[in-house]
Amino acid sequence: MTLQSSKATACEVGPIRPPSEATSLLIRVSRNCPWNKCVFCPVYKGEKFSKRTEEAVMADIDRLAQAATAVRGRAALTGELGAISVETCLSILRDPAATEDEKRVALWLHRGGAHVFIQDADSLALPAERVARILTHLCQTFPSVNRVTTYARSRTLVAKSIDQLKTLRSAGLTRIHIGVESGSKDVLALIQKGATPEHHVEGCRRAIEAGFEVCCYVMPGLGGRQFTHAHADETATVLKAIGPKHIRLRTMWIVPGSPLDDMHRAGAFQLLEEDDVVAEIMRMLDGLVGADSQIVSDHDFNLLMEIEGHATDDAALLKQTCEAFLALSPEKRDAFIVARRTGHARSLNAFLKDPTAIQPFIAEADRLKKIGSGSLVKGLTMDFIHRSI
Ligand code: SF4
């Protein structure tokens, strides 16, 4: 059967979403970032921020609804009346006649059809009433949706009234992802975040007061060598003052050609080694004891992906992985970095379980250091991250 939904231009989709929104349908309400000055961030550089019209976004939602009807019609042919099976999903993904919208919707429905992420970098820069109307239309069109999330800058949240935020919450927005990055005013100034620790606390607290789940992103390594202690300590202080539901780690990286790359080359920013970053994370975890937040290390840029648990209840467990890494001999540490950054290891625990599998990576780390300046393992980390962008 050929799918029947509209073959008109596909819905517009922005370039990124948080890792935790992998199963979400993406709806783009604005393009790019209204700030766009953070020195580490490559995502929207050279692009101008713009607000999509309400009509254009509503038309995208209607187009996705048409696609969903076509996908469900195809599933019904094989007796599927509820969830979309993997077989139906794959047949649509492989069907040259299927539209991009149908493929996206098939995948989304197969994964539950319950989560939506609103793009791009700061959706709440739009008037709250406009976003609320879009949310209402979205939730009416897809009644299976039970989680709608978005990125927002803390300064944008500060500029919204509690009533406006409550309007958005009532219209169906449930979670806000906020790039806190650091709680140190020096680090925030260095990276040109355009927000102070006070903005972060005020903006996030407002969102929590309005009933949102708040998810704060922080970037280990972002203070470089100069600010590593302040970055760890003051970030913990700010996060404790906020009390977000989730704290997500996303290791800092340097993108070639970025302002941070220029600063690094000029000596104004000194990159931490991987083990320094792990020590920094441990210090931040110490500062977070007492916080009622879940800590997650779910970004592929992170060396230690198994750091996960409650900041207070699981404090010892959270530190255990960091301690296990730092307790390794330098050879084994480098071997794990090589394995992890070449895509051969995902978890430290699994890596350490098989001593014979470690040997080739010890040899490879040794070889890299001999042919290079001794910092090739760090170069490998940056290469890995660049390949992942
Ligand atoms: S606010 Fe976010 S998207 Fe915008 S430049 Fe900064 S990190 Fe990038």
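Please refer to the structure higher up on the page.
Being a predicted model, the structure only gives us computed values, none of them experimental.

Can you explain the overall build of the protein? Please cite residues and give values.
Within the protein, the regular secondary structure consists of 16 helices and ten strands. Its C-alpha atoms put the protein at 60 × 50 × 40 Å along the principal axes. Within the protein, buried positions represent 44% of all 389 residues. A separation threshold of at least 6 residues defines the contact pool for the protein, and within that pool the share at least 24 residues apart is 77%.

Tell me about unusual backbone geometry, and please be specific about residues and values.
Keep in mind that most residues, glycine aside, have a negative phi and that most peptide bonds are trans. Here the bond from Gln119 into Asp120 is cis, since omega is 5 degrees, no more than 30 degrees from zero. The backbone of Asn32 sits at a positive phi, close to 75 degrees, despite the residue not being glycine. Structurally, Asn32 is set in the loop between strand S2 (30-31) and strand S3 (50-51). Of note, the phi angle at Gln192 is positive, near 55 degrees, even though the residue is not glycine. Mapped onto the secondary structure, Gln192 falls in the loop between helix H7 (185-190) and helix H8 (197-209).

Give me the lowdown on the environment of Ala59, citing residues and values where you can.
Tracing the sequence through the fold places Ala59 in helix H1 (residues 54-76). Sequence separation of Ala59 and Gly82 is 23 residues, and the distance between their C-alpha atoms is 25 Å.

Outline the sheet that holds strand S9 (residues 294-296), supporting the account with residue identities and numerical values.
Taking strand neighbours across the sheet as the criterion, the eight strands line up as S1-S4-S5-S6-S7-S8-S9-S10 in an open arrangement whose pairing is mixed. Only two strands of the sheet have a single partner each, and these edge strands are strand S1 (25-28) and strand S10 (308-310). The mean inter-strand angle of the sheet, taken between neighbouring strand axes irrespective of direction, is 25 degrees. As judged from the four bridges shared by S1 and strand S4 (residues 115-119), these two strands associate in the parallel manner. Note on S4: the bridge partner recorded for Leu26 is Phe117. Packed onto the sheet, H8 meets strand S6 (175-181) and strand S7 (213-218) and runs at close to 155 degrees relative to S7.

An account of helix H13 (residues 330-341) is requested, with residue identities and associated values reported.
Helix length check: H13 (twelve residues) gives 16 Å between terminal C-alpha atoms against 16 Å at 1.5 Å per residue, within 8%. Burial runs high along H13: nine of the twelve residues are buried. The positive-phi residue at the C-terminal boundary of H13 is Gly343, with phi of around 80 degrees.

Rules of the game
- Every chain begins its residue count from 1, and numbering advances along the sequence as written.
- Only residues with pLDDT of 70 or above have their local features reported here, since the model is predicted, and side-chain atom pairs are shown and tallied only from 80 upward, although totals for entire chains, interfaces and linings are computed over all residues.
- Helix numbering and strand numbering both begin at the N terminus, where a helix is a DSSP run of H or I of at least 4 residues and a strand a DSSP run of E of at least 2.
- We call a residue exposed when 12 or fewer other C-beta atoms sit within 10 Å of its C-beta, buried when the count reaches 20 or more, and partly exposed for counts in between; the C-beta positions come from the backbone.
- In this description, any two residues whose backbone-derived C-beta atoms lie within 7 Å of each other are considered to be in contact.
- Here, strands pair whenever DSSP counts at least two bridges between them.
- The axes used here are C-alpha line fits, helices contributing only the stretch in contact, and every angle between their N-to-C directions lies in the interval 0 to 180 degrees.
- Residue count minus one, scaled by 1.5 Å, sets the expected span of a helix.

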